[in-house]
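# Architecture and fold: a report
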Amino acid sequence: MIRSEILKDIAPILRDQLVVCNIGIPSQELHAIDDQPTNFYMLGTMGLASSIGLGLALAQPKPVIAIDGDGSVLTNLGTLPTIANNVADNFILMIIDNGSYGSTGDQPTYAGKKTRLEKVAEACGCENVVTCQGEDTGKVLQAALASRKMTVIVVKCDSGNAKHPVITMDPVVIRDRFMKAVQA
Amino acid sequence: MNIDKKIADDLVANDVSFVTTVPCKQLAGVIEEIEARDDIFHIPSNKEDEGMGLCAGAFMGGKRPAIIMQNTAIGVTINTLATLIQYYRMPLPMIISYRGELREPVACQVEMAVHTKALLAQLNIPTYHFHWQKDVEEFDNILKYTFMCNKPVAILTDANFWGGYGDQ
């Protein structure tokens, strides 16, 4: 199972939530599968989906799901201690771990080799870390939302990308409609 | 005048309630002051670009954010400033300790200091330089300006402004 198939599976769950989506192909896939004003698409700044998501969760009460990648989390590994030590129970960090840098041609990441991000997250102090296979993402995500506890989900799946066009929406429009959805 | 208290007071008066910081010897007093305030949520960052991501999220969540960092971090955060804060047009006051300026005792700090204003100018980031204690009187206006125009704004605070480094 590859990331786009997981996103298709969980799109009905994501539709009702605030979602901060990782740069590059993950945002393109989510945009093509089910564009929503409640989606914030990152068009730059690899690594910061988890930080933007945490900041958003700490600033307001609605649930926030940050869809991240293993390569992006490795880029901003300092995010895990920050998440662990500033607990926002309305925050879910969902790391789609396909062991590769998808947007740049599926080069292997260290998470695809010896590094286990779920153990890193635990060692950083994250108290609810769930690892699952791609096909179980929906039920794990729903359980995390229902638990109302800050949760890190590491979804193991195959590397590979669906072919979708780049997002041409103006960044200020993405941001403005997202902020209106946050306030709604 | 207590500069640390004045800066925290102006932040609160301008409804800035979400502040991220990285450690800094010069800014230690203001970081301590912000930590002590009930009306400001203080979240330490491990790295300045991470902090800017937190601020971006907090802004979209309805809070007014600010970041407190060193000028060396300009070298770390250029991509984040360009492709997140500026690209999505978000306001971000950056209170920056301007290491490597007058009264600096560590030679290496000068290397980034000589690039700091040029880099900020290249990014078209409005930049203010606090050299004398009275310069802090502008801080309230700078905050109002930042949230009026939705831009990152740099406030460079040098050693002279903070009263030097003591006996070094």
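Rules and cut-offs
Residues numbered from 1 in each chain as written. Chains lettered and ligands numbered in written order. Predicted model: local features only at pLDDT ≥ 70, side-chain atom pairs only at ≥ 80, totals over all residues. Heavy atoms only, no water. Helix = DSSP H or I, 4+ residues; strand = E, 2+ residues; numbered from the N terminus. Contact = heavy atoms within 4.5 Å. Areas by Shrake-Rupley, 256 points an atom, 1.4 Å probe, with all protein chains shown as cover. Lys, Arg positive; Asp, Glu negative; His and termini not counted. Charge placed at Lys NZ, Arg CZ, Asp CG, Glu CD. Core = buried A, V, L, I, M, F, W, Y, C linked by side-chain atoms within 4.5 Å. Buried < 20%, exposed > 50% of the residue type's maximum accessible area, 1.4 Å probe, protein only. Phe/Tyr/Trp six-rings, centres within 6.5 Å; stacked < 30°, edge-to-face > 60°. Buried area = accessible area lost by both parts, 1.4 Å probe. Salt bridge = Lys/Arg side-chain N within 4 Å of Asp/Glu carboxyl O. Polar contact = N/O pair within 3.5 Å; in protein donor to acceptor, adjacent residues only side chain to side chain. Nonpolar A, V, L, I, M, F, W, Y, C, P; charged D, E, K, R; others polar.

## Things to note about the overall build of chain A
Looking only at helices and strands, chain A has eight helices and eight strands in total. If you line up chain A on its principal axes, its C-alpha atoms span 40 × 35 × 30 Å. Sequence-distant contacts, at least 24 apart, represent 71% of the contacts inside chain A between residues at least 6 apart. Here chain A has roughly 7300 Å² of accessible surface; of this, 51% comes from carbon and sulfur atoms. One finds the centroid of the 16 positive side-chain charges in chain A at a distance of 2 Å from the centroid of its 19 negative side-chain charges.

## Let's talk about the nonpolar core
Formed by 87 residues in total, the largest nonpolar core has its most connected members in A:F40, A:I67, A:F91, A:L141 and B:M94. Of the residues forming this core, the biggest block, seven residues, is contributed by helix α3 (residues 48-60) of chain B. Discounting chain neighbours no more than four positions away, the residues touching A:L141 are A:I10, A:I13, A:L14, A:I65, A:I92, A:M94 and A:I153. Core analysis: the second largest hydrophobic core is formed by 25 residues, B:I3, B:L11, B:C24 and B:L143 among them.

## A few points about unusual backbone geometry
With phi around 55 degrees, A:T45 is a residue other than glycine that occupies positive phi space. Summarising the element assignment, A:T45 is placed in the loop between β2 (39-41) and α3 (49-59). In this structure A:T45 comes out as buried when scored by relative accessible area, which is 4%. Although it is not a glycine, B:N150 sits at a positive phi angle of roughly 55 degrees. For B:N150, the position within the fold is in the loop between α6 (139-149) and β6 (152-158).

## Notes on the packing of aromatic side chains
One pass over the full model with this rule turns up six aromatic pairs over all chains. Their ring planes at 45 degrees and their centres at 4.8 Å tell us that A:F40 and B:Y88 sit as a pair that is tilted. Placement of A:F40 in strand β2 and of B:Y88 in the loop between α4 (74-86) and β4 (92-98) is noted, with the two residues assigned to different chains. Residues A:F40 and B:Y88 agree in their burial class; the two are buried. Where B:F161 meets B:W162, the ring centres are 5.0 Å apart and the plane angle is 80 degrees; that geometry is what we call edge-to-face. Aromatic ring contacts, followed pair by pair, group A:F40, A:F178, B:Y87 and B:Y88 into a single cluster.

## As for the interface of chain A and chain B
It is common to report an interface's size as the accessible area lost on association of the parts. Listed by partner, the interface residues are 28 residues for chain A and 25 residues for chain B. A combined buried area of about 2100 Å² lies between chain A and chain B, and 68% of that area is made up of carbon and sulfur atoms. Applying the counting criterion to the chain A and chain B interface returns zero salt bridges. The tally of links between chain A and chain B comes to eight residue pairs in polar contact (both at pLDDT 80 or more). Listing elements by their share of the side of chain A that touches chain B, those giving two or more residues are β2, α3, α5 (79-85) and α8 (171-183) of chain A. Looking at the side of chain A that touches chain B residue by residue, the class counts come to 17 nonpolar, ten polar and one charged.

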